[in-house]
Amino acid sequence: MTPVIQLIKKQIIPETVDRTPDRFQVFTEKQLDKIAVLSRLSEQHRFEMRVVSTVLPFRVNQYVLDYLINWNNIPDDPMFQLVFPQKGMLSEQDFEQMATVLKSTTDRSLIQQTANEIRQRLNPHPAEQLSLNVPSIEEQSAEGIQHKYRETVLFFPGQGQVCHSFCSFCFRWAQFIGDKNLRFSNKEAEQLHTYLVKHKKITDLLITGGDPMVMKTDHLVSYLEPLLRPEFKHVQTIRIGTKSLSFWPQRFVNDADADALLALFSRLVKAGKHVALMAHFNHWREMSTLITQEAIQRIRATGVVIRTQSPLLNHINNDPDIWAQMWREQVRLGMVPYYMFVERDTGARHYFEVPLARTWEVYRQAIQKVSGLARTARGPSMSTGPGKIEIHGVSEINGEKVFVLRFIQARNPDWVQRPFFAKYDTDATWLDQLRPAFGEEKFFFQDEYDAMLLKQISPRAY
Ligand SMILES: *Cc1c(COP(=O)(O)O)cnc(C)c1O
């Protein structure tokens, strides 16, 4: 154990860490009534939560209930909004439809049918994820792999397709509602390894989910340890996307295989891989518990870098002060702010989305409040079909007010870092609501992207 960790343990263990739950106890929509603290809410409020959780995924654990949510500030508390369903997350019409069915029947199949009908209206698969990004290996599509940008492959391990708690805004919500057809998953490490060996331009592997940190360390070892062999030398970086530092920091501190996990991290780093934990934090509150801070220290002591990301979300963090404080705190704890995303065009988007003009204001004001070390956060960025598009700014050119945009990541690498312009629009929340400026008909990438959609080109073609 390093001195840093000893110091922190001495400071925190007696009071707080011992009181934090170390047994993982979870509640899903079927157990909403079993969450004792919800008895503080009105019957009507609880019914509303039941209606919404019949359509959108819900899952919370005892640690989140006890340590993250401020129950004296319900329903406005950002952590409450982050995990608990709210009436406004469905349109009025969809809400009424579901409420009527729940009031009139207990027939599971009728309830499911209505829920599925509503889900289909919520754009379950944004940005052509299913059609364009799934590569094939010997004519068989490799379902647990997505390859959109030349140098980076996403891998969805079969055992990591759930999270310790669900976020109410999650753009991967469709994976969690039990329909196996909608799920990306991959039980075979082999398929991943075969794909990586064949594609030497891939430098980055991004393990994602769900949350890969729900997996036992043994599983992670079987995916990651083989990457130390010479045929994987081109895979320099292993990123792991996770919300576990917020929702279950015990994973890195006192879970039975926490030490084995950290030992795996150390081995990968010592063997020369860059290992980055891509941590999702939506609010500084999530970093305020001592056990999360201890988890961060333990991870950093292995040489793993923690980078952070979050969308800008109405009801949760639509405020430059929240972002500035979050980024400052991240830098203080030794993490690197990486992305600010725009809420995606799926699921409960209408509840969480913020106009693009406002996202830029929040980003700009937050960046102005922090030092250069926290200005590593890129964005606000829209993850669209053609690529990640950054709202670079608002300007006026020849008397026309415009958004200045640019790709920070694109299906064709040649599109990256070329400024392009859209008509300024106070209400637009996504790319499909933007029109090219200066009377142009299309954005510069449109024809090429349309051709990709027709031919289903994956980035390996470049
Ligand atoms: C964001 C993203 C990546 C990683 O892009 P970076 O710019 O390297 O962070 C890879 N694949 C997909 C599908 C992504 O959305």
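Details of the structure are given in the entry above.
**Quick notes on the layout of surface pockets**
In step 1: In this model, the largest pocket occupies a volume close to 1,000 Å³.
In step 2: Lining the largest pocket we find 43 residues, and of these Phe171, Arg172, His280, Gln309 and Arg344 sit closest to its centre.
In step 3: Broken down by secondary-structure element, the contributors of at least two residues to the lining of the largest pocket are strand S5 (145–149), strand S6 (152–155), strand S8 (237–242), strand S9 (274–280), strand S10 (305–312), strand S11 (336–342) and strand S12 (378–383).
In step 4: Residues of the lining of the largest pocket, tallied by class, amount to 18 nonpolar, 16 polar and 9 charged.
In step 5: Taken as a whole, the second largest pocket holds about 550 Å³ of empty space.
In step 6: For the lining of the second largest pocket, the residue count by class is 11 nonpolar, 8 polar and 8 charged.

**Overview of empty space enclosed by the protein**
One water molecule sets the probe size; rolling that probe over the atoms shows where empty space is left.
In step 1: One pass over the structure, following the stated rule, counts 2 cavities of 30 Å³ or more.
In step 2: By volume, the largest cavity is sized at about 100 Å³.
In step 3: Forming the walls of the largest cavity are 16 residues, and the residues nearest its centre are Leu56, Pro57, Cys167, Ser168 and Phe169.
In step 4: The residue inventory of the lining of the largest cavity, partitioned by class, reads 13 nonpolar, 3 polar and no charged.

**Considering the site of the ligand**
In step 1: Looking at the ligand, the residues that line it are Lys148, Tyr149, Thr152, Leu154, Arg239, Tyr338, Tyr339, Arg378, Lys388 and Gln409.
In step 2: Between an oxygen atom of the ligand and a side-chain N or O atom of lysine 388, the distance comes to 2.8 Å.
In step 3: Between glutamine 409 and the ligand, the recorded distance is 3.0 Å, taken from a side-chain N or O atom to an oxygen atom.
In step 4: Here the ligand loses 85% of its free accessible area of 380 Å² to cover by the protein chains.
In step 5: Given that more than half its atoms are within 2 Å of the pocket grid, the ligand belongs to the largest pocket.
In step 6: Considered class by class, the residues forming the shell around the ligand number 4 nonpolar, 2 polar and 4 charged.

**Overview of unusual backbone geometry**
What you tend to see is this: most non-glycine residues have negative phi, and most peptide bonds are trans.
In step 1: The peptide bond linking isoleucine 74 to proline 75 adopts the cis configuration, its omega dihedral lying at 5°.
In step 2: Following glycine 379, the chain continues into proline 380 via a peptide bond in cis, with omega recorded as -10°.
In step 3: We note that asparagine 398 has phi near 50°; this positive angle belongs to a residue other than glycine.
In step 4: Positionally, asparagine 398 belongs in the loop between strand S13 (387–397) and strand S14 (400–410).
In step 5: For asparagine 398, a relative accessible area of 80% corresponds to the exposed category.
In step 6: Unusually for a residue other than glycine, phenylalanine 438 sits at a positive phi of about 60°.
In step 7: When you line up the elements, phenylalanine 438 lands in the loop between strand S15 (420–423) and helix H16 (446–455).
In step 8: Accessibility expressed as a relative area gives 34% for phenylalanine 438, which makes it partly exposed.

**Examining the packing of aromatic side chains**
In step 1: Under the criterion given, the structure shown has 26 aromatic pairs.
In step 2: Relative to phenylalanine 176, the ring of phenylalanine 166 lies with its centre 4.3 Å away and its plane at 20°, an arrangement referred to as stacked. Here the residue phenylalanine 166 occupies a position in the loop between S6 and helix H8 (189–198), and phenylalanine 176 occupies one in the loop between S6 and H8, the gap between them amounting to 10 residues. In terms of burial, phenylalanine 166 and phenylalanine 176 fall into one category: buried.
In step 3: Aromatic side chains tyrosine 339 and phenylalanine 341 sit 4.7 Å apart centroid to centroid with 35° between the ring planes, which places their arrangement in the tilted category.
In step 4: Exposure remark for tyrosine 339: the relative accessible area of 6% places this residue in the buried category.

What counts, and at which threshold
Residues numbered from 1 in each chain as written. Predicted model: local features only at pLDDT ≥ 70, side-chain atom pairs only at ≥ 80, totals over all residues. Heavy atoms only, no water. 1 Å grid on protein atoms, 1.4 Å probe; cavity = no way out; pocket = protein on both sides within 12 Å on 5 of 7 lines; lining within 4 Å. Points joined across faces, edges and corners; volume = space filled by probe spheres on them. Helix = DSSP H or I, 4+ residues; strand = E, 2+ residues; numbered from the N terminus. Nonpolar A, V, L, I, M, F, W, Y, C, P; charged D, E, K, R; others polar. Near = heavy atom within 4 Å. Polar contact = N/O pair within 3.5 Å; in protein donor to acceptor, adjacent residues only side chain to side chain. Areas by Shrake-Rupley, 256 points an atom, 1.4 Å probe, with all protein chains shown as cover. Sits in = over half its atoms within 2 Å of the grid points. Buried < 20%, exposed > 50% of the residue type's maximum accessible area, 1.4 Å probe, protein only. Phe/Tyr/Trp six-rings, centres within 6.5 Å; stacked < 30°, edge-to-face > 60°.

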